[in-house]
Amino acid sequence: MSDCVSKVELCVSCSDLLDKDVGSKSDPLCVLLQSSGGDKWTELGRTERLKNTSSPSFSQRLRLDYHFESVQNLKLGIYDIDNTSHDLGDDDYLGGVEITLGQIVSSKTLSRPLQLKKGKPAGKGTITISAEEIKDNRAIVLELEAKNLDKKDTFGKSDPFLEFFKQGDDGKWQLVHRTEVVKNNLSPTWRKFTVPLQTFCGSDLDKTLKVDCSDHDSDGSHDLIGSFTTKVSELQKAAHGSPVQFDCIHPEKQKKKKSYKNSGVVSVKSCKLVTQYTFLDYVMGGCQINFTVGIDFTGSNGDPRSPNSLHYMSPDGLNQYLSALWSVGHVVQDYDTDKLFPAFGFGAKLPPDYQAAHHEFALNFNPSSPYCQGIEGIVEAYRMVLPQLRLSGPTNFSPIINHVASIAASAAQSNAASQYYVLLILTDGEITDFDQTRDAIVRASRLPLSIIIVGVGPADFKAMELLDGDDGVLRSTVGEAVARDIVQFVPYRQFSDAPRTALAQSVLAEVPNQLVSYFKMRGLEPPKPEAAPKS
């Protein structure tokens, strides 16, 4: 899962609100609600009330947690407040808007007409919402070494490591980083490390930090060699070439010996602050997420007319393939401005001649424009072509992976963090071209691409689990390792009884980190958002 939840602040302004007060303008306030399922809404916050204005700009920001992998339905309501009660039931409603947080962050700022209820506009009233991520995106990069540390082991030298602590609000020391152990060395150099500044010192460059240097013992009873205190502003002096050194002091030794100087010296070889970009930096900067779908129409799925087939349409017009598509597609579509999704099938013979099986055919039978309008468009194309296909084989994944990879490769040549691709493959899991697929994935790991595989039906998905290199590194047939982890595999059956959103949450949770890891590997910063046009 993403290691930390992003927090987002919404800034709200309105224009041309309805006037509900006789002889003066309304006294508006904005309330933010989030859907908690069904018709239930939970209030997350409200702005201040402004007096006597029909075009308010609220200064009180509205804060909420952001999760890429869920559709977060929000409602913003504007009320005219004429009393002191907290309850809004006795206040005039000036209109509202329902919107998803994904829509707000992917457009950064957006305006919508206010509605009194669905289909009924609130006069000429409009609401403008802009989003900003709350964060300190700096990290500290440190490299340290030590000289002449005390020898703690009877046989051999010490095995030193460092631990860094910051002081919590309660005054207690909290561990923020531990280096690796350098074996049998009294003048070690530790590897360079990076820690988010917020974690390291709460973003306060003058906050006191404590550093312990200890001798590692395999039984866990590490011996303290010595400690010192410092702060980031002091460590930063190393950046300007001045030596930054600290005496490692062992308090017991200091008490016992008047002539005690230190138990060794730790010095800072390098210290710098760097910017670490987040998923939202890229999305809000205008990076588009392009979503492509590949659907498995091989014979192992069973004849679509038979109720035992994975492609069989139940009376409600659904099956596992469509349910998985709805679940994942609904989240991703908010991040794609044109909502045009290329959709492909593989493993079927096509009309009119039903000759060889095709391993990458446009679901709408239009190879020059395989785009479907929204998730609904993909579902519609699927329902149209299903009766016309003959399920066949073998099950080859590599053609569709290579197809999307070639598009991602041409986007990568722009050297800008403007396009990222997500390929969703829905399959019953019987893969034939395992080696070619491995090679395709290893090549694709150097491109702006993530691959999500949803396994439909009861098969044994061992091969799919091998492609999702969570428990080991996936390698190509010639032994080349993936540059980064880009495949996420999930069996649909684990979610068949779960709420519809659970599947998307599981398969999409890794995408934000995969996107950031790609642009970081390429050294690409988020695009600078263009200034909003003056209205």
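Heads up: these notes are all about the structure in this document. Source: prediction; values computed, not measured. (Residues numbered from 1 in each chain as written. Predicted model: local features only at pLDDT ≥ 70, side-chain atom pairs only at ≥ 80, totals over all residues. Heavy atoms only, no water.)

By the criterion of burial, strand E2 (residues 28-35) is predominantly enclosed, with six of the eight residues buried. As paired elements, E2 and strand E3 (residues 41-46) share five bridges and run antiparallel to each other. Among the inter-strand pairings, Ser35 is bridged to a residue of E3, identified as Trp41. Taking the residues that link successive antiparallel strands as the turn, the E2-E3 hairpin has five residues, and the phi of Gly37 there is positive, at about 100°. (Buried < 20%, exposed > 50% of the residue type's maximum accessible area, 1.4 Å probe, protein only. Helix = DSSP H or I, 4+ residues; strand = E, 2+ residues; numbered from the N terminus. Pairing = 2+ DSSP bridges.)

Another point: the nonpolar core. One broad rule of soluble globular proteins: the nonpolar side chains tend to lie buried together. Leu10, Leu76 and Leu508 are the most contacted members of the largest nonpolar core, which has 86 residues in total. Per-element tally for this core: the top contributor is helix H6 (residues 320-332), with eight residues. The next biggest cluster of nonpolar side chains, apart from the first, holds 31 residues, and it includes Ala411, Leu423, Val442 and Val482. (Core = buried A, V, L, I, M, F, W, Y, C linked by side-chain atoms within 4.5 Å.)

Reading across from one edge, E11-E10-E13-E14 is the order of the four strands in this open sheet, with antiparallel pairing throughout. Edge strands, defined here as strands with exactly one partner in the open sheet, are strand E11 (173-178) and strand E14 (223-230). Direction aside, the axes of adjacent strands within the sheet are offset by 30° on average. Here strand E10 (residues 160-167) runs beside strand E13 (residues 209-215); their pairing, made up of seven bridges, is antiparallel. When the bridges of E13 are listed, Phe165 appears paired with Lys210. (Axes fitted to C-alpha atoms, helices over the stretch in contact; angles between N-to-C directions.)

Here we come to the pairing of strand E18 (residues 340-346). Within a regular strand, the side chains alternate between the two sheet faces. Judged by how many residues are buried, E18 sits mostly within the fold: six of seven residues are covered. Here strand E17 (residues 288-296) pairs with E18 via four bridges, running parallel. Bridge pairing in E18 links Ile295 to Gly345. Between the parallel pair E17 and E18, the chain is carried across by H6, and the sense of this crossover is right-handed. (Right-handed = clockwise from strand over helix to strand, strands pointing away.)

As a further point, take the packing of aromatic side chains. This model, assessed by the stated rule, comprises 18 aromatic pairs. Here the aromatic rings of Phe297 and Tyr382 are separated by 5.9 Å at their centres, their planes lie at 25°, and the arrangement is stacked. Placement of Phe297 in the loop between E17 and H6 and of Tyr382 in helix H7 (residues 374-385) is noted, with a sequence separation of 85 residues between them. Through a chain of ring-to-ring contacts, the aromatic side chains of Tyr277, Tyr282, Tyr420, Tyr518 and Phe519 assemble into a single cluster. Cation over ring: Lys210 sits above Phe165, and NZ or CZ is 4.8 Å from the ring centre. (Phe/Tyr/Trp six-rings, centres within 6.5 Å; stacked < 30°, edge-to-face > 60°. Lys NZ or Arg CZ within 6 Å of the ring centre and 35° of its normal.)

Position of Gly429 relative to the elements: it lies in the loop between strand E23 (419-427) and helix H9 (434-444). Through-space distance from the C-alpha of Gly429 to that of Ala459 is 6.6 Å; in sequence the pair is 30 residues apart. Among residues more than four places away in sequence, those in contact with Gly429 are Asp296, Phe461 and Met464. (Contact = heavy atoms within 4.5 Å.)

Bringing the pattern of salt bridges into the picture now. Evaluated as defined, the whole model comprises 18 salt bridges. A salt bridge links Glu9 to Arg61; its shortest N-O distance comes to 3.8 Å. With a gap of 52 residues between them, Glu9 in strand E1 (residues 6-15) and Arg61 in the loop between E3 and strand E4 (62-66) connect regions that are remote in the sequence. Overlapping salt bridges, with partners in common, bring together Glu9, Arg61, Arg63 and Glu132 in one network. (Salt bridge = Lys/Arg side-chain N within 4 Å of Asp/Glu carboxyl O.)

To continue, consider the side chain of Thr292. Along the chain, Thr292 falls in strand E17. You can call Thr292 buried: its relative accessible area is 5%. When sequence neighbours within four positions are dropped, the list of residues in contact with Thr292 reads Pro342, Phe344, Val404, Val422, Leu423 and Leu424.

The full count for this structure, using the stated rule, is zero disulfides. With no disulfide of its own, Cys213 has Cys248 as its nearest cysteine by sulfur position, at a separation of 4.7 Å. On the basis of relative accessible area, Cys213 is assigned to the buried category, the value being 0%. Here Cys271 stays free of any disulfide, with the sulfur of Cys201 as its closest cysteine sulfur at 10.0 Å. (Disulfide = S-S within 2.5 Å.)

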